[in-house]
Amino acid sequence: MTAAVTNVVLAGLGGQGVIKASDILAQAAFDAGFDVKKSEIHGMSQRGGFVASDVRFGEQVLSPMIPAGEADILVLMAADQLEAARPCLKAGGELILGAEIDIKGMPPRCLNVAVLGALSSALEIPRKSWHAAIQALLPPKSHEENLRAFEAGRRV
Amino acid sequence: MAGAERLLLSGNEAMALAARDSGFALGAGYPGTPSTEILERFADLGGKAQWSPNEKVAFEVVLGSAYCGARSLVTMKHVGLNVAADVLFTAAYTGVSGALVVVSADDPGMWSSQNEQDNRRYAVAAGVPMLEPADSQEAYDFLFAAAEVSERWRLPVILRLTTRVCHSKTVVRPRQRIEPQPPRYERDYRSRVMIPLHARPAHRRLRAKLAEIDAWNETSPLNRRIVGEKLLGIITSGISFMHAREAAPQASILKIGMSHPLPMKMIRDFAASVDRCVVIEEGDPVLADAIRAAGIAVEAKSEMYRFGELNVSRVRRILAGDNSPEPQPAKGKPPELCKGCPHRTVFETLKKLDCLVSGDIGCYTLAALPPLEAMDSMICMGAAVGVGLGMRHVLPADQAKRVVSVIGDSTFVHSGITGLVEMIYNPPATGHVLIILDNGITAMTGLQEHPGTGRTLDHKATGRVVYEDLARSLGVKQVYVLDPIKDPQRLEDVLRQCLAGDELSVIVARRPCLLAAKKIEQWSAANAAAKAVQP
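Residues numbered from 1 in each chain as written. Chains lettered and ligands numbered in written order. Predicted model: local features only at pLDDT ≥ 70, side-chain atom pairs only at ≥ 80, totals over all residues.

Asks: How should the overall build of chain A be read in this particular structure?
Replies: The helix and strand tally for chain A stands at five helices and five strands. Tracing chain A from N to C terminus, the helices and strands come up as β-α-β-β-β-α-β-α-α-α. For 156 residues, the compact-globule estimate of 2.2 N^0.38 gives 15 Å, and the C-alpha radius of gyration of chain A, at 14 Å, lies within 12% of that figure. Referenced to the eigenvectors of the C-alpha coordinate spread, the extents of chain A come out at roughly 40 × 35 × 30 Å. Expressed as a percentage of the 156 residues in chain A, the buried residues total 54%. Long-range pairs, those at least 24 residues apart, make up 65% of the contacts in chain A with a sequence separation of at least 6. (Helix = DSSP H or I, 4+ residues; strand = E, 2+ residues; numbered from the N terminus. Rg over C-alpha atoms; globule rule 2.2 N^0.38 Å. Buried ≥ 20, exposed ≤ 12 C-beta atoms within 10 Å, placed from the backbone. Contact = placed C-beta atoms within 7 Å.)

In structure tokens:
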């Protein structure tokens, strides 16, 4: 059953919206009917330090933490944190870099949702679950802009 | 019973929902990672929740409400229970009428704490039951169970969470809500006035209750047995259960839900049913020691796994008997004080004046790290004052006059006030300088209110402790209030002057936290508007 679990690590620096992005991913997977666990360390993240969040979903998830070297996908928002983040990724795992995503003139605050768009192409979570999660977890006035950012990232 | 509704909640959110759904009348606590969100969310759900100056006071408040038959919850991080321990040990003697559940959120690995003490020891030491949930569903269910155990045996119960249970989000199916019992006071001074005459029989009553709970726990639904292969059996509790199941999917598992008193007969039967029995636990070898002391042969992890959190990889290593050095992953960028943080100016000035800084707990502890490296000690909440005084008492005058105690506003209210009283009572010959870093909020734990902000947990106006008034009323002659960002030169001048003299001085460096300033304005405006419409 563990083999059926998808493991995604989202990493970056405090203030980049890493935890919000992982909340949206977890909510989208939850909305799609999966068992979901999500884990990260709070507390210091607002002080600009390295932050990484583990999201696991599948039929049944046990530990909330992804064992080192077992992440299927690493989404990295801060390129200079690669050395710290990389050990989570399995051999042949996919690396998605925030810096490589063209957010098409949208404000930088949307980058965390744009990377989810890129990530969504690699995951079996229906688009409507992603949209529902974005709408559930972000303030209403930012929905339009973030849905556009998501779609822009999705086309990457 | 669980309904059809399905939610994705952190352990803390699940605890808050359970407190609402199981009819808790009052929650009190002091913010501390990883426990903080429980009371905040409980208040959001309509529960009555409040921050107290510290954990001891919070515990006393809920003990009073539990004496009156109301279900009561007190939340804190692991080190908070040190502060509240004085209440805990004797509350175990007096017992309670309504449920009293003590949430201790431990922090193995010290993600945001000064130590990784294992609070399972407190349950044994104080003689109270302890429950250990492994995920958000159990956090939810175990609060119901803790309340039932507490009321049935009229004892406080500790619910021990750990960082990964508090902050991981997992799926929760909530139950039907229970309506709270109306509070009712029955006078019972023989049970509650703990003079020796009453305390001696109270101790015997406590031990008799524990023996009953022990017998009940042998068949309680809180402990789970997962039948697997006979080859390997694992005894575990809390989050370690999840790691163990993933690391050894075929193993037989005994998951302990109530870890004090331990269901030793169940453990003995389980150990006898497998070829090899290994205890998988995070932190101290509490389970392993107790099980071995009962004469049951089990394997325990080696000493290297006492340190830090467990995870699936480490559990695999423990099961394989692998004690080789573990790979040390590269560290990411460390956190730092925000750009423009008012604390920065204060520590830059302290560094410039070559001060010996007795520090305390909060964001500003980051000033100990490069590039500032402007703090000499940090131990526990409030220690800045006492430790600084001790240094002043014994150092030669030229060095003593460089010593400054630096403490944040919330930490000062928590346990710096008694230090200030000590300063008045036993002043060093060279005097002393106490700086209160007043950024108007408990910033470190995520912007919580405290008695110095003049607003309650849910940001409503209330009474306010004014540090400069307090210091003056206690007899401090040199009291200064200044804004370190607006007037850094004044900060330097005042500090120089205070260090040069032999007086006691208190400097309140007042400037709102950058992250909180806008919110503080909004809360104040809302309170002013609410006051304006009152008749």
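Asks: So what exactly am I meant to see when it comes to the overall build of chain B here?
Replies: Check the secondary structure of chain B and you find 20 helices and 18 strands. If one aligns the C-alpha atoms of chain B with their principal axes, the spans along those axes are about 75 × 65 × 50 Å. Partitioning the contacts of chain B with sequence separation of at least 6, the portion at a separation of at least 24 is 75%.

Asks: Before we go on, may I ask you to explain helix α10 (residues 240–247) of chain B in this structure?
Replies: It helps to recall that an α-helix has 3.6 residues per turn; residues three or four apart then point in one direction. Residues and elements named next belong to chain B. For α10, a buried count of eight out of eight residues is recorded, marking the element as mostly surrounded by other parts of the structure. Along α10, the residues that are buried comprise S240, F241, M242, H243, A244, R245, E246 and A247. For α10, the elements touching its buried residues are β10 (229–237), β11 (251–256), β13 (276–280) and α13 (312–319).

Asks: In this structure, what is going on with the nonpolar core? I would like to understand it.
Replies: The tendency in soluble globular proteins is for nonpolar side chains to be buried as a group. Residues and elements named next belong to chain B. Counting 154 residues, the largest nonpolar core has V101, V103, L143, L159 and I235 as the members making the most contacts within it. In this structure V103 touches M15, S35, I38, L73, V74, T75, M76, L159 and L161, once residues within four positions along its chain are discounted. One finds M378, M391, L420 and M423 within the second-largest nonpolar core, a separate group that totals 53 residues. (Core = buried A, V, L, I, M, F, W, Y, C linked by C-beta atoms within 7 Å.)

Asks: How do you make sense of unusual backbone geometry when you look at a structure like this?
Replies: The phi torsion of most residues other than glycine is negative, and most of the peptide bonds are trans. Residues and elements named next belong to chain B. In this structure, P34 follows T33 across a cis peptide bond, with omega equal to 10°. Structurally, P34 can be placed in the loop between β2 (26–29) and α2 (37–44). Look at the link from P370 to P371: it is a cis peptide, with omega at 5°. Tracing the sequence through the fold places P371 in the loop between β14 (356–358) and α15 (383–394). The phi dihedral of E373 is positive, around 45°, even though this residue is not glycine. Along the chain, the position of E373 falls in the loop between β14 and α15. A count of 11 C-beta atoms within 10 Å places E373 in the exposed class. A positive phi is found at H459, a non-glycine position, where the angle reads about 70°.

Asks: What should I look at first to understand the sheet that holds strand β9 (residues 224–226) of chain B in this one?
Replies: Picture the strands of a sheet paired through backbone hydrogen bonds; they go either parallel or antiparallel. Residue and element names in this part refer to chain B. Taken in spatial order, the four strands make up an open sheet running β9-β11-β10-β13, and their pairing is mixed. Bordering the open sheet on either side are β9 and β13, each of which pairs with just one other strand. When strand polarity is set aside, the average angle formed by the axes of neighbouring strands in this sheet is 15°. As paired elements, β10 and β11 share six bridges and run parallel to each other. Residue I234 lies in a different strand from β11, and its bridge partner there is I253. Relative to the sheet, α10 contacts β10, β11 and β13, its axis offset from that of β10 by approximately 160°. (Pairing = 2+ DSSP bridges. Axes fitted to C-alpha atoms, helices over the stretch in contact; angles between N-to-C directions.)

Asks: Looking at this model, I keep getting lost on the packing of helix α4 (residues 127–137) of chain A against helix α5 (residues 143–154) of chain A. Mind explaining?
Replies: The relative placement of two packed helices is expressed as an angle between their axes plus a distance between the axes. Residue and element names in this part refer to chain A. The geometry of α4 relative to α5 is characterised by a closest axis approach of 10 Å and an angle of 145° between their N-to-C directions. By crossing handedness, the relation of α4 to α5 is classed as right-handed. Across the interface between the two elements, W130, H131, I134 and Q135 from α4 touch H143, N146, L147 and F150 from α5. For the contact of α4 with α5, the per-class residue count stands at four nonpolar, four polar and no charged. (Left-handed = near helix turned anticlockwise from the far one by under 90°. Nonpolar A, V, L, I, M, F, W, Y, C, P; charged D, E, K, R; others polar.)

Asks: Just checking my understanding: could you explain the interface of chain B and chain A for this structure?
Replies: Accessible area lost when the parts come together is the quantity often used to give the size of an interface. Listed per partner, the contact involves 31 residues of chain B and 31 residues of chain A. When contributions to the side of chain B that touches chain A are tallied by element, the ones reaching two or more residues are α7 (163–167), β8 (169–172), α10 and α13 of chain B. Considering every element that reaches the side of chain B that touches chain A, the biggest residue donor is α10(B), with four residues. The residue inventory of the side of chain B that touches chain A, partitioned by class, reads 15 nonpolar, nine polar and seven charged.

Asks: Can you help me understand the packing of α10(B) against α13(B) in this one?
Replies: All names here are of chain B. The contact between α10 and α13 brings their axes to 8 Å, and the two run at 65°. As summarised for this structure, α10 and α13 are arranged roughly perpendicular, according to the angle between their axes. α13 is crossed by α10, and the crossing has right-handed handedness. In contact with H243, A244, E246 and A247 of α10, α13 contributes V312, V315, R316 and L319. Among the residues making up the contact of α10 with α13, the classes are represented as five nonpolar, one polar and two charged. (Parallel < 35°, antiparallel > 145°, perpendicular 65-115°, else oblique.)

Asks: Any chance you could explain the sheet that holds strand β6 (residues 130–131) of chain B here in plain terms?
Replies: All names here are of chain B. Ordered in space as β3-β2-β4-β5-β7-β6-β12, the seven strands form an open sheet in which the pairing is mixed. Both outer strands of the open sheet, β3 (49–51) and β12 (258–260), are each paired with one neighbouring strand and no more. Sheet topology places β6 next to strand β7 (residues 157–162); two bridges connect them, and they run parallel. Bridging across to β7, M130 finds its partner in I158.

Asks: Can you walk me through the confidence of the model for chain B in this structure?
Replies: Detailed reading of the predicted coordinates is not advisable wherever pLDDT falls low. For chain B, the mean per-residue pLDDT works out to 97, and 99% of the residues sit at or above 70. For this predicted complex, the interface score ipTM comes out at 0.95, while the overall pTM is 0.96. (pLDDT = per-residue confidence, 0-100.)

Asks: How should I be thinking about the environment of A78(A) in this particular structure?
Replies: All names here are of chain A. Here A78 shows up in the loop between β4 (71–76) and α2 (82–85). Its 22 C-beta neighbours within 10 Å are what place A78 among the buried residues. Taking the C-alpha atoms as reference points, A78 and G153, separated by 75 residues in sequence, lie 17 Å from one another. Sequence-distant contacts of A78, defined by excluding residues within four places in its chain, comprise G12, L13 and Q16.

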